[in-house]
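Given next are the chains, with one letter for each unit.
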Amino acid sequence: MESELSAAVAHLKAGGLVVFPTETVYGLGADADNPLAVRRIFAAKGRPLSHPLIVHLAPSAEPREWAKWSTEAQVLADAFWPGPLTMVLNRAPGVCDEVTAGLNTVGLRVPAHPLAQALLTAFGGGLAAPSANRFGRLSPTTAAHVHGTFDESVQVLDGGPCSVGIESTIVDLSGPRPAILRPGGIPIEDIEALVGSLAHSNTPAPGALAKHYAPRTTLLLTEQPAKEAARLRSLGRQVEVLRMGEPVESARKLYAELRRLDGMGVDVLVAERAPKRGLGLAINDRLERAARGSGAKAD
Ligand code: TXA
Ligand code: MG
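## Things to note about the side chain of Ser139
Point 1. Looking at the secondary structure, you find Ser139 in the loop between strand 6 (127–128) and helix 6 (143–146).
Point 2. In this structure Ser139 comes out as buried when scored by relative accessible area, which is 1%.
Point 3. In terms of polar contacts, Ser139 uses its side chain to reach the side chain of Glu167, at 2.5 Å.
Point 4. When sequence neighbours within four positions are dropped, the list of residues in contact with Ser139 reads Val25, Ser131, Asn133, Glu167, Tyr213, Tyr255 and Arg259.

## Remarks on the sheet that holds strand 11 (residues 218–222)
Point 1. As summarised here, the arrangement of the 3 strands in space is 11-13-12, forming an open sheet in which the pairing is parallel. Each edge of the open sheet carries a strand with a single partner, namely strand 11 and strand 12 (239–242). Taken over all neighbouring pairs, the strand axes of this sheet differ in orientation by 25° on average, direction set aside.
Point 2. By the bridge criterion, 5 bridges tie strand 11 to strand 13 (residues 268–272) in an arrangement that is parallel. Residue pairing in the sheet places Leu219 in a bridge with Leu269 of strand 13.
Point 3. Together, strand 11, strand 12 and strand 13 form the strand contacts of helix 10 (residues 279–293), whose direction differs from that of strand 11 by roughly 140°.

## Observations concerning the sheet that holds strand 8 (residues 169–172)
Whenever strands of a sheet pair, they do so through backbone hydrogen bonds, lying parallel or antiparallel.
Point 1. Across the sheet, 10 strands lie side by side as 7-1-2-6-3-5-4-8-9-10; this open sheet has mixed pairing. Unpaired on one side and paired on the other, strand 7 (155–156) and strand 10 (199–200) mark the two borders of the sheet.
Point 2. Note: strand 3 (residues 54–56) against strand 5 (residues 105–109), 3 bridges, orientation parallel. Its bridge partner being in strand 5, Ile54 is matched across the sheet by Gly107.

Definitions and limits used
- Residues numbered from 1 in each chain as written.
- Chains lettered and ligands numbered in written order.
- Predicted model: local features only at pLDDT ≥ 70, side-chain atom pairs only at ≥ 80, totals over all residues.
- Heavy atoms only, no water.
- Helix = DSSP H or I, 4+ residues; strand = E, 2+ residues; numbered from the N terminus.
- Buried < 20%, exposed > 50% of the residue type's maximum accessible area, 1.4 Å probe, protein only.
- Polar contact = N/O pair within 3.5 Å; in protein donor to acceptor, adjacent residues only side chain to side chain.
- Contact = heavy atoms within 4.5 Å.
- Pairing = 2+ DSSP bridges.
- Axes fitted to C-alpha atoms, helices over the stretch in contact; angles between N-to-C directions.

Shown next as structure tokens:
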């Protein structure tokens, strides 16, 4: 792993792309200070240039080099970094437009995964990284999920299965009042306990599209999966069911299960809606987008 890590650092320094594990999902990383390298991320993913990227930092990095810091940012960083929280802050001068998509803000996150931290520490700078999937597809939570997604110039670091399994919670601290841009790995209630109730931004994160995380099989979301599956089977459809268990475990397995079920070649996937609190909110958010983008139309 030591030599793989130094190869990855050299590759990043040369403007190359490296897939690395985080506790949420695998990221497709590039040197956040190298506009050409950052553009390669958009080309590799097939992602519109108008969707900004999160800058990942080592625990020892100085976030003030990237953004205007505040008391609220410090409170949330103390509580949730390293971890699955991204803060959108007013950007510092010098942060490149390729990362921020020309916005005045930048998203920052310190990941908790030990291999992500080792890479960031050895690299010594910020890594711009979206999830390591093609645009609109399911995020990878193992290195095997990334297999075949990008060309051979992209180095892949294997850090095992992601422990959180869904993307970070994104909180916008750039305005007068903190706002939630995307539910994720840190429950909204835990954030509100520290900074008060979060506004629901009417400008959602660019790229937080209604259709996203899409399996190829049609996906239906319901409170009553057994009943819905029985109804569909009575119509002669082949059905697989995704059940919700305990939320932390369900989040961890969500994308791997969707991939597995999507590979079974049935007509319809029926997913059980999660309870509307804690991680359940983030799970339902992903399932709703997956449902809207699902089916042959996802291509
Ligand atoms: O857990 C995660 O957040 C993973 C891992 C790899 O860190 N990353 C991730 O990146 O999910 P991505 O690019 O798939 O989703 C990031 C979201 C996008 O919807 C993007 O528009 C939003 O964050 N975002 C990034 N910077 C932003 C900014 N300055 N203002 C508003 N939204 C921003
Ligand atoms: Mg993504």
